[in-house]
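# Commentary on secondary and tertiary structure
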Amino acid sequence: MLKEIEGVRQIPEDGPRRWFVDDNMDLIVWYDETHSEITGFQLCYDKKSVQRCLTWQRNSSGKGSLSSSGRVSYKRVLRLFEAACQDLPPMEKDLVFSCLKQVQGE
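Just so it is clear, the model here is predicted, and its values are computed rather than measured.

### Considerations on the nonpolar core
Taken as a class, soluble globular proteins show a tendency for nonpolar side chains to be buried jointly. Leu27, Phe41, Leu43, Leu66, Phe81 and Leu100 are the most contacted members of the largest nonpolar core, which totals 26 residues. The biggest single contributor to this core is helix H2 (residues 90–104), with 6 residues. Those residues in contact with Phe41, other than ones at most four positions away along the chain, are Leu27, Ile28, Val29, Trp30, Leu54, Thr55, Trp56, Leu66, Leu95, Val96 and Cys99.

Now the structure itself:
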């Protein structure tokens with residue numbers, strides 16, 4: 001299950017971030033300066049074989065787009081994330097689920 005890494009190094013020009021990790025997956029989440037909104041996330045999976053990443057970034061209209069680092073089975077990634085996300089905060093979990101379900105339906 002994804003657990004938060006405490007004391008993650010912050011890069012000022014990237015905005016505040018939190019990092020969650022387990023054996024197969026990393027989730028890095030970026031926030032606005034007040035931590036009230038998520039501005040982006042990167043979900044990395046298959047860390048033990050050929051790691052792949054999905055990246056979501058909020059655009060100026062408040063919506064976002066999801067891109068990948070190669071071919072993706074969104075159904076599989078959704079299953080992997082569902083198995084790993086029980087301890088995530090609701091805002092982060094809901095956004096990732098929403099993005100994965102949206103692209104899976106396309």
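Here the narrative resumes.
### Side note on the packing of helix H1 (residues 74–84) against H2
Interhelical geometry of H1 versus H2 gives an angle of 160° and a closest axis separation of 9 Å. Here H1 is positioned roughly antiparallel relative to H2, judged by the angle of their axes. Between H1 and H2 lies a crossing whose hand is left-handed. Across from Tyr74, Lys75, Val77, Leu78, Phe81 and Glu82 in H1, the residues of H2 making contact are Lys93, Val96, Phe97, Leu100, Lys101, Val103 and Gln104. A class-by-class count of the residues in the contact of H1 with H2 yields 8 nonpolar, 1 polar and 4 charged.

### What to know about H2
The end-to-end C-alpha separation of H2 is 21 Å, in line with the 21 Å expected for 15 residues at 1.5 Å each. Those residues of H2 lying buried are Glu92, Leu95, Val96, Phe97, Cys99, Leu100 and Val103. Elements in contact with the buried residues of H2: strand S2 (17–21), strand S3 (25–31), strand S4 (38–45), strand S5 (52–58), strand S6 (64–68) and H1.

### Focus: the pattern of salt bridges
In the structure shown here, the tally under the stated rule is 6 salt bridges. A salt bridge links Glu4 to Arg18; the shortest N-O distance between them is 2.7 Å. Of this pair, Glu4 sits in strand S1 (residues 3–4) while Arg18 sits in strand S2; the two residues are 14 residues apart in sequence, bridging distant segments of the chain. Residue classification places Arg18 among the partly exposed residues on the basis of a relative accessible area of 23%. In the salt-bridge network here, residues are joined through shared partners; they are Glu4, Arg18 and Glu92.

### Digging into the sheet that holds S2
Think of a sheet as strands paired side by side through backbone hydrogen bonds, with each pair either parallel or antiparallel. Read from one edge to the other, the open sheet built from 6 strands follows the order S1-S2-S3-S4-S5-S6, with strand pairing classed as antiparallel. With one partner strand each, in any of the chains shown, S1 and S6 form the two edges of the open sheet. Helix-sheet contacts for H1 involve S3, S4, S5 and S6, and the interaxial angle to S4 is about 100°. Packing of H2 onto the sheet brings it into contact with S2, S3, S4, S5 and S6, and relative to S4 it is tilted by some 70°.

About the criteria used
- Residues numbered from 1 in each chain as written.
- Predicted model: local features only at pLDDT ≥ 70, side-chain atom pairs only at ≥ 80, totals over all residues.
- Heavy atoms only, no water.
- Core = buried A, V, L, I, M, F, W, Y, C linked by side-chain atoms within 4.5 Å.
- Buried < 20%, exposed > 50% of the residue type's maximum accessible area, 1.4 Å probe, protein only.
- Helix = DSSP H or I, 4+ residues; strand = E, 2+ residues; numbered from the N terminus.
- Contact = heavy atoms within 4.5 Å.
- Axes fitted to C-alpha atoms, helices over the stretch in contact; angles between N-to-C directions.
- Parallel < 35°, antiparallel > 145°, perpendicular 65-115°, else oblique.
- Left-handed = near helix turned anticlockwise from the far one by under 90°.
- Nonpolar A, V, L, I, M, F, W, Y, C, P; charged D, E, K, R; others polar.
- Expected span 1.5 Å × (residues − 1).
- Salt bridge = Lys/Arg side-chain N within 4 Å of Asp/Glu carboxyl O.
- Pairing = 2+ DSSP bridges.

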